[in-house]
Amino acid sequence: QNYEGAAAPVFSDDETSLTVNGNIWTSWSLTSPIDIYADSILKFDFVVSEITEDGFVAICFDEDLELTGDNGACFVLNSSQGWITNMINVPGQTAALGEVSSQSIPVGQFLNGKQVKYLAILQDSDGTDKSVGSSTFSDLMLVQHDTNSLEIEVDGEDVYLDNVQLEYRWKDGSQDTSQFKMNLAEDGKSLQINGNNWKALAIPARNVTTKTVIELDVVVDSDADFLAIFLTDTLEGAPNSQRHAPQEYRVRHGVVLQNPRENNGNWRDDVGGILTNKLVTGEPRRVTIPYGVMMELDEGETREVTYIAFVQDDDVGDKSGSRSTWSGIRIYEQDRDPLQLNLYGQNVTVTNIQHEMHANSNDIQDNRDVLLSVSNDGKTITATGNTWKYVPLPSPIEVTEDTVLKFDFDLVGEGEHHFFCLLPDNYIRNNDGRRDCFGTAGSHNFDSNYRTLQPFRVMGTSTYEYLVGSEFTGTVRNIGFGLDNDADKLAGQSSWANIEVFNLPEIVMGLALPDTRLRSNLGITTDYISIKNIQLQYDTSQDTGPIKSNLAVVSQEHNSIQFLGNMWRAWELTTPLSPSSLGDFIVSFDFKIVEKGEIHAICFDENLEYGNADDPKQTGVDPRRCVAVGVFQNLGDVPDVFVAPNLTPEGGSHHYVFNLSKMFERLYNDINYIAFVSDNDVGDKSGGDVTFSNIMIHTEVSSCLKDIDFEMNLN
C-alpha cells in the first residue's frame, strides 16, 4: 500500500507521539502478545494536520500483518472517502483541522478474547499526490476498565472508584439502611440509588479550593426526604463537636440538591448549602455546583477530601420508595475572571473570591450556589436571582469626608432590592450607625441602613456619582453586591460596571511672591494653599442640594470650580487666614459665564452666614464678605454684596483683581472659609453655569509706581 518515496513516521524526542505523512501503512511488533478483555480501552490523543485525498486514517490491533481475518480490527478516525465498510468507524470524527481530539475506543467490544501482537497505523491517501495527509498520535494507552468501579472525571482525567460502599454517618449516629446498596451501571458511569442510602466511596486524596466545582447529571424518579452530595475527609457527617462549635469553626461538606418534602433541615449550618434551583422529580438535570464557594473557602485555603458521599434520605414507611440516578460526575477547578476597579486613581485587580454577604451577623440571605458573573475585562459584575455576595479587596481602603463612589448600574429585571456596599466586614447592620450600602432600585422600601440614590428604579443603564464620605468614614475591606428577591429567588437581574472610588480633587489657591509673612503664619513653603474638597452649605436654606449628589465640579488641575444651577457652597480653609498675616491683601481670579443665573459672587468669610446689610442686628456680626461679578436681578437699595464695577455678561469672561482689605469692613477675626454664590431661584433652579478659576492671594503689596515719575492722559 505504501507509495515509492513514502516518508517514515516521525517520533517525538520523548517517543510519546508519532506523526505520519502521506500514504503510509505501517506496523510495529509488540514486545509481547497482549490479551484483550471485554473492558479493554485504547486511549490516545489524535490530531489531523492535513486531510488525506480520497483516503482515511486508522489505528489497528492484529494478531498478524494481514488486514483480512477476524483476528484483528482497524478503527477509522478520519475519512475523506466516506464510510469504510471493512473497518470500524469511530464516531465523532469532527474535530477541526489542527485540533486535538481525545479518543477512548472500547477495543474489547470487538476483540474480546483475542491476543494481539501488532499495532498498525494506516494513513491511506490515494489521490494524485500521495504525499497529501498528515496526522499525529500521542500518549497511547491500553487500559482495562474494572466493571465494579464508578468512573468519574477529576481534573480532566478519568478516575475509577472501587465500588466499596461505606456508611456515611450523621450527627454521631447511623442514618443508612445497610441492606440497600447503590446499583452501579454496567458501563460503570452511573449509580442508581433506591431507598434510604447514606453511602460513601473512597476517592484519591485531593484538595478542594474556592475554585472547586462539582458537575453531574441527576434524575429523580421517586421522591426522598432529601438528596445531597458530599466531598469529605471523614465518614462522620456533622458530628456534635462540630454542630455545637461557634459558626466560624464549623466545617461543612455537602450540598442538598432536593428536599421535596420540605423537611426543615438546618442545611446551612449542618450540611453547607442547598441548591436554589432544586431538582424536580421526573426532570433530568445537569447540575453545576460551585462547591468551594458554597463551603465558604477563602483564597489560598484548601481542604483535603478522601470520600465522595451520596445521600438519599428516605424515612417514610419501609424507606424503600425513593429512586434517583447519578452520572457524568466531574470534579474540577474553575478559574473566574478577576474584577477590575479603579481605587483612588489606581487600576486594581481583585481576585474573584465570592463570599456570602449577610444583613446581620451570620443570618441567611444569599443563594450560595448562584455566583456573580464577571465580564472578560473585569469591569462589569452581574447578579441574577437572589444574590448577596461580597468580594475581599486586596488591601483595605479608607473613606474620608471627600470620598466619592462612582459606577454604572444596569437594571434588567427588578427584584425587591438592588444595592452596592463598601463594607468593613461581611454584613451590613453592624450596629455602629455606619451607612455604607447604596440602593439604586427595588420594589420594596429600603430600611435606614441603606442610602437610596437617584435616579431610583430606572430600567436600563444609569450612572451614579455620590459623595459617600458624607454618609460614613472609615475602613473598607470588602465590596458587596446585593440583589434581594425572597419572593422568587431565581428572578431579577442587574449589573454594576466601571466602579470607581476617589477623593474629590483639592482646590488650590495660589500665593504670589514674595508673601513670606503669610507663608510663615500658615506654616507652608509652597506657592499655593491646598483646600480639602469638602463642600459645605453657605448661608441657611439657600443651596438646592443635596450636596452629596450635586457637587460643584473642581477640575483635575485643582485650579477651577464649576457651578451648575442654584449652589451656595463654602470650603473650610485648612488653616485660617488671620487679618495680621494678610495685611493689605488683594485677591485675583478669572470668571466665566456660560449660562446666567441671578447672582454670582465670590466670598471670603469668617463664618457660613451671608452678610445682611439691611438688618442692623446682623450687620455687626455679618458684614458684607462677598463680591458679585455677575448680577442678573435687582439687588435692592442696599445690596448684601459688593458689586464689581465691571460685571461679566452671559457668554463672557473677565479677570478680576480686588483689594479686599480695603473693601471689607470690621475684619477683626480670622477668615475661615472661601465661599461662592451662584444663586438662581427661577423655575427648577437648575439654570446657571459659571466657573471661577486661577484664584490667587497677594499680600505684602508694594506699589510698582512708587518713586517713579509718570504722566497720564484721561479723556
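That block above? That's the structure.
So, here is what we can say about the structure in this document. Everything numeric in this text was worked out from a predicted model, so none of it was measured.

**Topic: the overall build of the protein chain**
Check the secondary structure of the protein chain and you find 8 helices and 50 strands. Computed over its C-alpha atoms, the radius of gyration of the protein chain comes to 39 Å, more than 25% above the 27 Å expected for a compact globule of 715 residues. Structurally, the protein chain occupies a C-alpha span of about 125 × 75 × 45 Å along its principal axes. For the protein chain, with 715 residues in total, the buried portion stands at 49%. Looking at the protein chain alone, contacts between residues at least 24 apart form 75% of all its contacts between residues at least 6 apart. Considering the protein chain, the positive charge centre built from 49 side chains and the negative charge centre built from 108 side chains are found 7 Å apart.

**Brief notes about the sheet that holds strand β1 (residues 10-11)**
One open sheet holds the 5 strands; their spatial order is β1-β2-β10-β4-β8, and the pairing between them is antiparallel. The sheet is open, and its two edges are formed by β1 and β8 (101-105), each paired on a single side.

**Topic: the pairing of strand β16 (residues 190-194)**
Here 2 bridges tie strand β15 (residues 183-184) to β16, and the two strands are oriented antiparallel to one another. Across the sheet, the residue bridging to L184 is L191, located in β16. In textbook terms, the turn of a hairpin is the stretch between consecutive antiparallel strands, and for β15 and β16 this stretch comprises 5 residues, one of which, G188, has a positive phi near 75°. One ladder, built from 5 bridges, connects β16 with strand β24 (residues 323-333); its direction is antiparallel.

**Observations concerning the nonpolar core**
Ranked by internal contacts, the top residues of the largest apolar core, which has 39 residues, are F589 and F604. Beyond its immediate stretch of four places on either side in the chain, F604 contacts M509, V587, R625, L660, F664, I671, Y673, I674, I695 and I697. Within the second largest apolar cluster, 36 residues are counted, among which are V218, A224, V287 and W326.

**A look at the sheet that holds strand β33 (residues 437-441)**
Spatially, β27-β30-β36-β32-β33-β34 is the arrangement adopted by the 6 strands of the open sheet, whose pairing is mixed. Lying at the two open borders of the sheet, with one neighbouring strand each, are β27 (355-356) and β34 (450-452). Sheet topology note: the strand β32 (residues 417-423)/strand β36 (residues 474-484) ladder contains 7 bridges and is antiparallel. Looking at β36, one finds that H417 is bridged to D484.

**With respect to the state of the cysteines**
Counted under the stated rule, the structure contains 3 disulfides. Through a disulfide, C421 is tied to C437; the S-S separation comes to 2.0 Å. With the S-S dihedral at roughly 115°, the linkage between C421 and C437 falls on the right-handed side. Taken together, the residues span a long stretch of sequence, with C421 in strand β32 and C437 in strand β33 at a distance of 16 residues. Across the pair, C437 and C421 agree in class, each one buried. Covalent S-S linkage joins C603 and C626, the inter-sulfur distance amounting to 2.0 Å. One disulfide, between C603 and C626, carries an S-S torsion of 105° and so falls in the right-handed class. Here the residue C603 occupies a position in strand β45 (residues 599-605), and C626 occupies one in strand β46 (residues 626-631), the gap between them amounting to 23 residues.

**What about the side chain of R519?**
With respect to the helices and strands, R519 occurs in helix α5 (residues 516-522). Judged by relative accessible area, R519 falls into the buried class, the value being 7%.

**A word on the packing of aromatic side chains**
A complete count under the given rule lists 35 aromatic pairs for this structure. On the numbers, 5.7 Å between centres and 70° between planes, the contact of F75 with F110 is edge-to-face. Taken together, the positions of F75 in strand β6 (residues 72-79) and F110 in helix α1 (residues 108-111) put the pair 35 residues apart, joining distant regions of the chain. Assessed through its relative accessible area of 1%, F75 is described here as buried. Considering the side-chain rings of W568 and Y610, the 5.0 Å spacing of their centres and the 85° angle between planes classify their relative orientation as edge-to-face. Of this pair, W568 sits in strand β43 (residues 567-577) while Y610 is found in the loop between β45 and α7 (616-619), placing the two residues 42 residues apart along the sequence. Residue W568 shares its accessibility class with Y610, and that shared class is buried.

**With respect to the pairing of strand β37 (residues 493-503)**
Where strand β25 (residues 339-343) lies against β37, 2 bridges are found, and the strand directions are parallel. Residue pairing across strands places L343 opposite V501, the latter belonging to β37. Across 5 bridges, strand β29 (residues 380-384) lies against β37 in antiparallel orientation. Bridged to A383 within β37 is S494. Alignment of strand β31 (residues 403-413) against β37, held across 9 bridges, turns out to be antiparallel. Residue pairing in the sheet places L405 in a bridge with V501 of β37.

**What about unusual backbone geometry?**
Leaving glycine aside, a negative phi is the common case for residues, and trans is the common case for peptide bonds. Across the junction of Q454 and P455, the peptide omega takes the value 5°, indicating a cis bond. Along the chain, P455 falls in the loop between β34 and β35 (460-466). At the junction of G545 and P546, the peptide bond is cis and its omega measures out at -10° in the coordinates. Note on placement: P546 falls in the loop between β40 (535-537) and β41 (553-554).

**What to know about the environment of T212**
Within the fold, T212 resides in strand β18 (residues 212-222). Residue contacts for T212: discarding those within four places in its chain leaves R206, I289, P290, Y291, G292, I331, Y332 and E333. Looking at T212, its side chain comes within polar contact range of the side chain of E333, at 2.5 Å.

Thresholds, definitions, all that
Residues numbered from 1 in each chain as written. Predicted model: local features only at pLDDT ≥ 70, side-chain atom pairs only at ≥ 80, totals over all residues. Heavy atoms only, no water. Helix = DSSP H or I, 4+ residues; strand = E, 2+ residues; numbered from the N terminus. Rg over C-alpha atoms; globule rule 2.2 N^0.38 Å. Buried < 20%, exposed > 50% of the residue type's maximum accessible area, 1.4 Å probe, protein only. Contact = heavy atoms within 4.5 Å. Lys, Arg positive; Asp, Glu negative; His and termini not counted. Charge placed at Lys NZ, Arg CZ, Asp CG, Glu CD. Pairing = 2+ DSSP bridges. Core = buried A, V, L, I, M, F, W, Y, C linked by side-chain atoms within 4.5 Å. Disulfide = S-S within 2.5 Å. Phe/Tyr/Trp six-rings, centres within 6.5 Å; stacked < 30°, edge-to-face > 60°. Polar contact = N/O pair within 3.5 Å; in protein donor to acceptor, adjacent residues only side chain to side chain.

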